[in-house]
Amino acid sequence: MELQRNSDAPTIVKIEKIIDETPTVRTLVFSDEVLSNVLPGQFAMVWILGINELPMSVMISQEKGKAAFTVRKHGIASTELYSLKAGEQIGVRGPYGNSFTIKQGKILLVGGGTGLVPLIRLLTFLKKTDDVTLLIGSKTKNEVFFEKNGKSNS
Ligand SMILES: Cc1cc2nc3c(=O)[nH]c(=O)nc-3n(C[C@H](O)[C@H](O)[C@H](O)COP(=O)(O)OP(=O)(O)OC[C@H]3O[C@@H](n4cnc5c(N)ncnc54)[C@H](O)[C@@H]3O)c2cc1C
């Protein structure tokens, strides 16, 4: 069952862990029971205090009750989000959006950059017996990330 909360008011969460994925992409992990349970493909609105609010796909975390965002530094707001340190706070609203139809059998997933986030979450919803291929697109080799997530779930 999907957990609900007032989607008009941001919930303040504290960044607990930061994972460097590439020189321009980071994953920020935080505790939030609602976002830890979202369906693959859903997103949250992330309030970077004093700057702006951005839509971000909700990434998986291996730990129960934890959620994460994987952000590429780009414009002002995403660069501010990318630059936050562990212990600093963000506001989250949501989840919003629809999920994928979960299929079974032989499955091909194709994505690139932070567009991979919903696909990595989708991997955790597929059966171990499914024959899954994940194709990762990237401008350069240095910008490839989530390779391990793909291998461990395929
Ligand atoms: C449903 C949804 C989910 C999203 N999930 C993620 C996510 O998981 N991780 C993430 O990092 N971002 C995600 N985004 C994109 C994110 O919301 C911001 O648009 C992005 O972080 C840039 O915001 P900004 O304000 O820093 O840059 P802006 O000031 O908005 O952009 C600066 C310039 O960069 C261009 N630009 C912005 N984003 C991109 C891009 N991705 N590729 C090429 N050019 C671009 C803009 O057109 C503009 O010219 C998602 C967007 C949507 C709608």
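Residues numbered from 1 in each chain as written. Predicted model: local features only at pLDDT ≥ 70, side-chain atom pairs only at ≥ 80, totals over all residues. Heavy atoms only, no water.

Cis geometry is found at the peptide bond from G94 to P95, where omega equals 20°. Tracing the sequence through the fold places P95 in strand β6 (residues 89-96). (Helix = DSSP H or I, 4+ residues; strand = E, 2+ residues; numbered from the N terminus.)

Turning our eyes to something else, we now look at the site of the ligand. Lining the immediate surroundings of the ligand are 14 residues, of which P55, T70, R72, H74 and S78 lie closest. H74 has a polar side-chain atom sitting 2.8 Å from an oxygen atom of the ligand. Isolated, the ligand exposes 920 Å² of accessible area, and the fraction of that covered by the protein chains is 49%. At the level of elements, β4 (52-57), β5 (66-72) and α1 (76-83) are the ones that each hand at least two residues to the shell around the ligand. (Near = heavy atom within 4 Å. Polar contact = N/O pair within 3.5 Å; in protein donor to acceptor, adjacent residues only side chain to side chain. Areas by Shrake-Rupley, 256 points an atom, 1.4 Å probe, with all protein chains shown as cover.)

What follows is about the sheet that holds β6. The antiparallel open sheet is built from six strands, whose spatial order is β4-β3-β6-β1-β2-β5. Pairing within the sheet leaves two strands with one partner each, and these edge strands are β4 and β5. Across the sheet, the mean angle from the axis of one strand to that of its neighbour is 40°, orientation sign disregarded. Pairing between strand β2 (residues 25-31) and β5: seven bridges, direction antiparallel. (Pairing = 2+ DSSP bridges. Axes fitted to C-alpha atoms, helices over the stretch in contact; angles between N-to-C directions.)

Mapping E143 onto the fold places it in the loop between β8 (131-137) and α3 (147-153). E143 sits in the buried class, given a relative accessible area of 16%. A polar contact of 2.9 Å, which involves the side chain of E143, links it to the side chain of T24. Other than its neighbours up to four places away in sequence, E143 contacts T22, P23, T24, V25, R72 and S138. (Buried < 20%, exposed > 50% of the residue type's maximum accessible area, 1.4 Å probe, protein only. Contact = heavy atoms within 4.5 Å.)

With that settled, the discussion passes to the domain arrangement of the protein. Annotation of the protein at the domain level lists domain 1 (11-96) and domain 2 (106-153). Just the C-alpha atoms count here: the centres of domain 1 and domain 2 sit 19 Å apart. On the side of domain 2, 15 residues touch domain 1, which itself brings 20 residues to the contact. Both faces combined, the contact of domain 1 with domain 2 buries some 1400 Å², and carbon together with sulfur accounts for 66% of it. A per-residue breakdown of the area domain 1 buries against domain 2 is headed by P40, M59 and I60, which together make up 37% of the total. Across the domain 1-domain 2 interface, the total number found is one salt bridge. Salt-bridge contacts for R72 lead to E143; the nearest nitrogen and oxygen are separated by 2.9 Å. Here domain 1 and domain 2 share six residue pairs in polar contact (both at pLDDT 80 or more) between them. Residue assignment for the side of domain 1 that touches domain 2 shows that the elements contributing at least two residues are β1 (11-22), β2 and β5. Per-element tally for the side of domain 1 that touches domain 2: the top contributor is β5, with three residues. The residue makeup of the side of domain 1 that touches domain 2, split by class, is ten nonpolar, eight polar and two charged. (Domains from an automatic or database assignment. Buried area = accessible area lost by both parts, 1.4 Å probe. Salt bridge = Lys/Arg side-chain N within 4 Å of Asp/Glu carboxyl O. Nonpolar A, V, L, I, M, F, W, Y, C, P; charged D, E, K, R; others polar.)

A word on a nonpolar patch on the surface. Together, I12, W47 and L49 make up an exposed nonpolar region whose accessible area comes to about 250 Å². Its place among the elements puts I12 in strand β1. (Patch = residues over 30% accessible without salt bridge, like charges linked within 9 Å, V, L, I, M, F, W, Y side chains within 5 Å.)

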